Amino acid sequence: MSDSEYDLDWKDCPDVEQIPGKVSGRWIVKGTRIPADGVIENVEGGVSLEELPTEVFPNLGIERARRIVAYAIAHAPRLHA
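Presented here is a report on the structure given in the accompanying data block. (Residues numbered from 1 in each chain as written. Predicted model: local features only at pLDDT ≥ 70, side-chain atom pairs only at ≥ 80, totals over all residues. Heavy atoms only, no water.)

Looking at helix 4 (residues 62-75)
Compared with the 20 Å implied by 1.5 Å per residue over 14 residues, the 20 Å span of helix 4 between its first and last C-alpha is a close match. Buried within helix 4 we find Arg64, Ala65, Ile68, Val69, Tyr71 and Ala72. Each buried residue of helix 4 sits inside an arc of 155° when the element is viewed along its axis, so together they form one side. Buried-residue contacts for helix 4 involve strand 1 (16-18), strand 2 (27-29), helix 2 (36-44) and helix 3 (52-56). (Helix = DSSP H or I, 4+ residues; strand = E, 2+ residues; numbered from the N terminus. Expected span 1.5 Å × (residues − 1). Buried < 20%, exposed > 50% of the residue type's maximum accessible area, 1.4 Å probe, protein only. Arc of directions from axis to C-beta. Contact = heavy atoms within 4.5 Å.)

This is the structure we're talking about:
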């Protein structure tokens, strides 16, 4: 998934930030180098919310994963999470 594919604007998501010049200017989970769209791509690919923080992104945390996915679903209705 790319931001343009779903026209997803992360700027109002409290768990995500954009740091100019870091991580190729992508939106990342605050305090990490985890790309926000990477979280969504994994969920769309079949990774469960419980698996995300244990097997894919150890620094993510289950509650933050839930909030990010919920934000994406609310702001990108075509999302298949």
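From this point on, the discussion continues.
Side note on the nonpolar core
Among the nonpolar cores identified, the biggest contains 21 residues, and Trp10, Val16, Val39, Ile40, Leu52, Leu60 and Ile68 are the most heavily contacted of them. Looking at this core, the elements that each hand over two or more residues are strand 2, helix 2 and helix 4. Ranked by the residues each element gives to this core, the list is headed by helix 4, at five residues. Contact partners of Val39, with chain neighbours within four places excluded, come to Val29, Ile34, Leu52, Phe57, Leu60, Ile68 and Val69. (Core = buried A, V, L, I, M, F, W, Y, C linked by side-chain atoms within 4.5 Å.)

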